[in-house]
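Chain by chain, the residues run as shown.
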Amino acid sequence: MTPPPFVIAIQSQVVFGHVGNSAALFPVQAAGLEVAAIPTVVFSNTPNYPTLRGRALPPEFFSDLLQGARERGLAERADILLTGYIGSLDVALMVADFVAEAKTLNPRLTYLCDPVMGDAGPGLYVPEAIADVMRNRLLPLADLATPNPFELGWLTGGTTRTLADLQTARDRLTLAPAARLIVTGCALEDTPEGHIESVILGPGGTSRHPTPHLPIALPGTGDLFAGLVVAGLGRGLTLPRAVETAQVLTARALAHAQALGAGEVVLTEPEFRRALLTLGSP
């Protein structure tokens, strides 16, 4: 039998709720991929509650987990490597070293960097030193990057109001020539009314993928979207189709969370779960 596609996912984990790997792990596994999940932080819940417990993993503990991953040969086995939220500078530097090492050991590896560091409302919510590691160490290694407009603007020092702005920002980033940039949640000057869009920019050109804008802002939305893109790519979808499928399924999860009055994305909507089981099927 052919083994399933294998993913390494390095990002946050929570006890209650769905952000980071606690948002991405279920849909990736439900789509039939195998996942090695490495937490960068462990918190009690998503950050929209009155209290938040837990912390970033101590550097020596995180280093030990990475060493275990090396001893099991995970980088050599992996098809996709995903990184997201990182809670300390020491851990960020170790993630950058691990990604560089993994790409050297496994040239066929696809690395998706989700530079989780801020949004239009809260602004930058990681220390600038961590954001600098994402800009200067992780993004240059990326095959795919999924910043939101705030993150892209912070990374490049520019505006994100027009398609030309996004193209200029793509040129300012330290991405590899063959890398593709996926700017998520865009509301550009010519985006259709009542919609937001994901815009893919790369050496093969630019494509735009509008979707109805749901007036719902919940923690974990971007993490779920990135996980769904990984799931789609692992099941053989083209990048544009993986992005559009991720938009549709993320919207289902958001609408279901709103109906339940939940404070974060919810992964139990029946059609959402059924779609994952047949992802990539003809």
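Description of the structure in this document.

Criteria and cut-off values
- Residues numbered from 1 in each chain as written.
- Predicted model: local features only at pLDDT ≥ 70, side-chain atom pairs only at ≥ 80, totals over all residues.
- Heavy atoms only, no water.
- Helix = DSSP H or I, 4+ residues; strand = E, 2+ residues; numbered from the N terminus.
- Buried < 20%, exposed > 50% of the residue type's maximum accessible area, 1.4 Å probe, protein only.
- Contact = heavy atoms within 4.5 Å.
- Areas by Shrake-Rupley, 256 points an atom, 1.4 Å probe, with all protein chains shown as cover.
- Lys, Arg positive; Asp, Glu negative; His and termini not counted.
- Charge placed at Lys NZ, Arg CZ, Asp CG, Glu CD.
- Salt bridge = Lys/Arg side-chain N within 4 Å of Asp/Glu carboxyl O.
- Phe/Tyr/Trp six-rings, centres within 6.5 Å; stacked < 30°, edge-to-face > 60°.
- Lys NZ or Arg CZ within 6 Å of the ring centre and 35° of its normal.
- Core = buried A, V, L, I, M, F, W, Y, C linked by side-chain atoms within 4.5 Å.
- Axes fitted to C-alpha atoms, helices over the stretch in contact; angles between N-to-C directions.
- Parallel < 35°, antiparallel > 145°, perpendicular 65-115°, else oblique.
- Left-handed = near helix turned anticlockwise from the far one by under 90°.
- Nonpolar A, V, L, I, M, F, W, Y, C, P; charged D, E, K, R; others polar.

### Quick word on the overall build of the protein
Per the secondary structure count, the protein includes ten helices and eleven strands. Considering the protein as a whole, with its 282 residues, one finds that 50% of them fall into the buried category. For the protein, contacts bridging at least 24 residues in sequence account for 67% of all contacts bridging at least 6. Total accessible area computed for the protein in this model is approximately 12,400 Å², and 55% of it derives from carbon and sulfur atoms. Across the protein, the mean location of the 19 positive side-chain charges is 4 Å away from that of the 26 negative side-chain charges.

### Section: the side chain of Thr 83
Tracing the sequence through the fold places Thr 83 in strand β4 (residues 80-83). Once residues within four sequence positions are removed from consideration, Thr 83 is found in contact with Ile 10, Val 95, Val 99, Tyr 111, Leu 112, Cys 113 and Asp 114.

### Here we look at the pattern of salt bridges
Oppositely charged side chains are able to pair whenever their charged atoms sit close together. Using the criterion set out here, one finds ten salt bridges in the structure. Two residues, Asp 97 and Arg 137, come together in a salt bridge whose shortest N-O distance is 2.7 Å. Here Asp 97 is found in helix α4 (residues 89-105), whereas its partner Arg 137 is found in helix α5 (residues 128-138), with 40 residues between them in sequence. A relative accessible area of 43% means that Asp 97 is categorised as partly exposed. Salt-bridge contacts for Arg 208 lead to Asp 190; the nearest nitrogen and oxygen are separated by 2.9 Å. With Arg 208 in strand β11 (residues 205-212) and Asp 190 in the loop between β9 (180-186) and β10 (195-202), this pair connects stretches of sequence that are 18 residues apart.

### Overview of the environment of Ala 231
Note on placement: Ala 231 falls in helix α8 (residues 221-234). Ignoring anything within four residues of it in the chain, the contact list for Ala 231 reads Pro 27, Val 28, Ala 31, Leu 33 and Leu 279.

### Observations concerning the packing of aromatic side chains
Under the criterion given, the structure shown has one aromatic pair. For Arg 77, the ring lying beneath its charged end belongs to Phe 6, and the centroid distance is 4.3 Å.

### Structural notes on the environment of Leu 254
Position of Leu 254 relative to the elements: it lies in helix α9 (residues 239-260). For Leu 254, a relative accessible area of 8% corresponds to the buried category. Separated by 13 residues in sequence, Leu 254 and Leu 267 place their C-alpha atoms 9.0 Å apart. Ignoring any residue separated from it by four or fewer positions in sequence, one finds Leu 254 in contact with Leu 214, Ile 216, Leu 218, Thr 221 and Val 265.

### Section: the nonpolar core
Counting residues in hydrophobic clusters, the biggest one holds 54 residues, and the most contacted among them are Ile 8, Phe 62 and Leu 138. No other element matches the eight residues that α4 contributes to this core. Contact partners of Leu 138, with chain neighbours within four places excluded, come to Ile 86, Val 95, Ala 96, Val 99, Tyr 111, Cys 113 and Val 133.

### Some words on the packing of helix α1 (residues 21-30) against α8
Put simply, α1 and α8 touch, their axes get as near as 8 Å, and they point 25 degrees apart. Comparing their axes, α8 and α1 come out roughly parallel. Note on packing geometry: the crossing formed by α1 with α8 is right-handed. Here α1 contributes Ala 23, Ala 24, Pro 27 and Val 28 to the contact with α8, which in turn contributes Asp 223, Leu 224, Gly 227, Leu 228, Val 230 and Ala 231. For the contact of α1 with α8, the residue count by class is eight nonpolar, one polar and one charged.

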